[in-house]
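# Analysis of the macromolecular model
This is what each chain is made of:
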Amino acid sequence: MIDLANFERGKKYRGHYKRDLAALQDRLERILVAHIVQDRSAVIMLEGWDAAGKGGIIERLVAKWDQRHYEVYPIAAPSAEEKAHDFLWRFETRLPQPGNIAIFDRSWYGRVLVERVEGYATKEEWRRSYDEINAFEAGLSERGITLIKLFVHTTQAVQDKRLKERIETPWKRWKTGLDDFRNRAKRPAYLDAMHDMFARTDTGGAPWFVVDGNDKKAARMTALDHIADLLEAAVDMTPPPLDPEVAAAARAAGVV
């Protein structure tokens, strides 16, 4: 059982952050290349509290990635068109093609989190959604899509500190809205929903990985290292061979 109270230490990152991050990003760059040349695809999904640091993790994840082979989807309230379909439809339509990676900043778990707590879904709807989500995620595996599920956790005190910083920094104010404070006021209800979510969807084929987000640097390194490990396990990391015709053309041009 996942208990978020076990992810609140906020332990500082003790390594050389810039050097270690650069090395990890080089590794992630090679991993994306392996996905491209082997036509493998993956979905990386991040959930967590407002101001937990999901955006900072994503920014550093894709820093050295080829923009043609990944897409970041920031998930907000569904559009009128999306509401006309099953709640999973808008995610099905964004699944990656072979050789690409899709990153979801929030996800289908909104059904059993915000829609549950805020009353946008009926009890029957959100309860039924656990089985629908598990089936959806099992289907990803059957289609050869690697799924990585991260939850970034922070204490109330850390969240408040970051919300305060956003409000007091003019060019960060756009990141914070009324929803942040409405959600904050319902933290106990969200915690109940989160623990139900973990209990019902932390499966062998699609396990959750919780990141202690109380120290940003440690959180970023923990998240990226976990992502790299799982993506790397899904592909052959042997460097791709040089195309013989390209080699011959290079020799003819005197390049090599």
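In this report, we go over the structure that sits alongside the text. (Residues numbered from 1 in each chain as written. Predicted model: local features only at pLDDT ≥ 70, side-chain atom pairs only at ≥ 80, totals over all residues. Heavy atoms only, no water.)

## Re the packing of helix 7 (residues 156–168) against helix 8 (residues 178–185)
- Close contact between helix 7 and helix 8 brings their axes to 12 Å; oriented N to C, the two are set at 160°. Looking at the two axes, helix 7 sits roughly antiparallel to helix 8. The handedness of the crossing between helix 7 and helix 8 comes out as left-handed. Only Asp180, Phe181 and Arg184 of helix 8 make contact with helix 7, whose side of the interface consists of Gln156, Gln159, Asp160, Leu163 and Ile167.
- Per-class residue counts for the contact of helix 7 with helix 8 are three nonpolar, two polar and three charged. (Axes fitted to C-alpha atoms, helices over the stretch in contact; angles between N-to-C directions. Helix = DSSP H or I, 4+ residues; strand = E, 2+ residues; numbered from the N terminus. Parallel < 35°, antiparallel > 145°, perpendicular 65-115°, else oblique. Left-handed = near helix turned anticlockwise from the far one by under 90°. Contact = heavy atoms within 4.5 Å. Nonpolar A, V, L, I, M, F, W, Y, C, P; charged D, E, K, R; others polar.)

## Comments concerning the pattern of salt bridges
- In this structure the tally under the stated criterion is 22 salt bridges.
- Put simply, Arg27 and Asp225 hold a salt bridge, and the shortest N to O gap is 3.4 Å. Here the residue Arg27 occupies a position in helix 1 (residues 17–37), and Asp225 occupies one in helix 10 (residues 216–233), the gap between them amounting to 198 residues.
- Owing to a relative accessible area of 17%, Arg27 belongs among the buried residues under this scheme.
- Across the salt bridge formed by Glu132 and Arg128, the nearest N and O atoms sit 3.5 Å from each other. Of this pair, Glu132 and Arg128 both sit in helix 6 (residues 123–142), separated by four residues, roughly a single helical turn.
- Residue Arg128 is classed as partly exposed on the basis of its relative accessible area of 40%.
- Overlapping salt bridges bring together Arg27, Asp225, Asp229 and Glu232 as one network. (Salt bridge = Lys/Arg side-chain N within 4 Å of Asp/Glu carboxyl O. Buried < 20%, exposed > 50% of the residue type's maximum accessible area, 1.4 Å probe, protein only.)

## As for the packing of aromatic side chains
- Per the stated rule, a full pass over the model turns up 13 aromatic pairs.
- Here Phe91 and Phe104 contribute two aromatic rings whose centre-to-centre distance is 5.8 Å and whose plane-to-plane angle is 65°, an arrangement assigned as edge-to-face. Of this pair, Phe91 sits in helix 4 (residues 89–92) while Phe104 sits in strand 3 (residues 101–105), placing them 13 residues apart in sequence. Neither residue differs from the other here; Phe91 and Phe104 are each classed as buried.
- Measuring from centroid to centroid gives 6.3 Å for Trp126 and Tyr130, while their planes differ by 85°, and the two rings are edge-to-face. With Trp126 and Tyr130 both in helix 6 and four residues apart, this pair spans about one turn of that helix.
- Put simply, the rings of Tyr73, Phe91, Phe104, Trp108, Tyr109, Phe136, Phe151, Phe198 and Trp208 pair up and form one aromatic cluster.
- The aromatic ring of Trp126 is capped on one face by Arg116, whose charged end is 4.0 Å from the ring centroid.
- One residue, Arg187, lies across the ring of Trp49, its end atom 4.0 Å from the ring centre. (Phe/Tyr/Trp six-rings, centres within 6.5 Å; stacked < 30°, edge-to-face > 60°. Lys NZ or Arg CZ within 6 Å of the ring centre and 35° of its normal.)

## Digging into the sheet that holds strand 2 (residues 70–74)
- Ordered in space as 2-3-1-4-5, the five strands form an open sheet in which the pairing is parallel. With one partner strand each, in any of the chains shown, strand 2 and strand 5 (208–212) form the two edges of the open sheet. Going from strand to strand, the sheet's axes swing by 20° on average, the running direction of each strand aside.
- Across five bridges, strand 2 lies against strand 3 in parallel orientation. Following the sheet pairing, Glu71 is matched in strand 3 by Ala102.
- Here helix 9 (residues 187–201) sits on the sheet and contacts strand 4 (145–153) and strand 5; the angle it forms with strand 4, its principal contact strand, is near 150°. (Pairing = 2+ DSSP bridges.)

## Quick notes on the nonpolar core
- Within the largest apolar cluster, 63 residues are counted, with the highest numbers of intra-cluster contacts made by Ile44, Trp65, Ile103 and Trp108.
- For this core, the element with the highest residue contribution is helix 10, accounting for seven residues.
- When near neighbours in sequence (up to four residues on either side) are disregarded, Trp108 contacts Val43, Met45, Phe87, Leu88, Phe91, Ile133, Phe136, Glu137 and Leu147. (Core = buried A, V, L, I, M, F, W, Y, C linked by side-chain atoms within 4.5 Å.)

Don't take any of this as a statement about function, it's just geometry.
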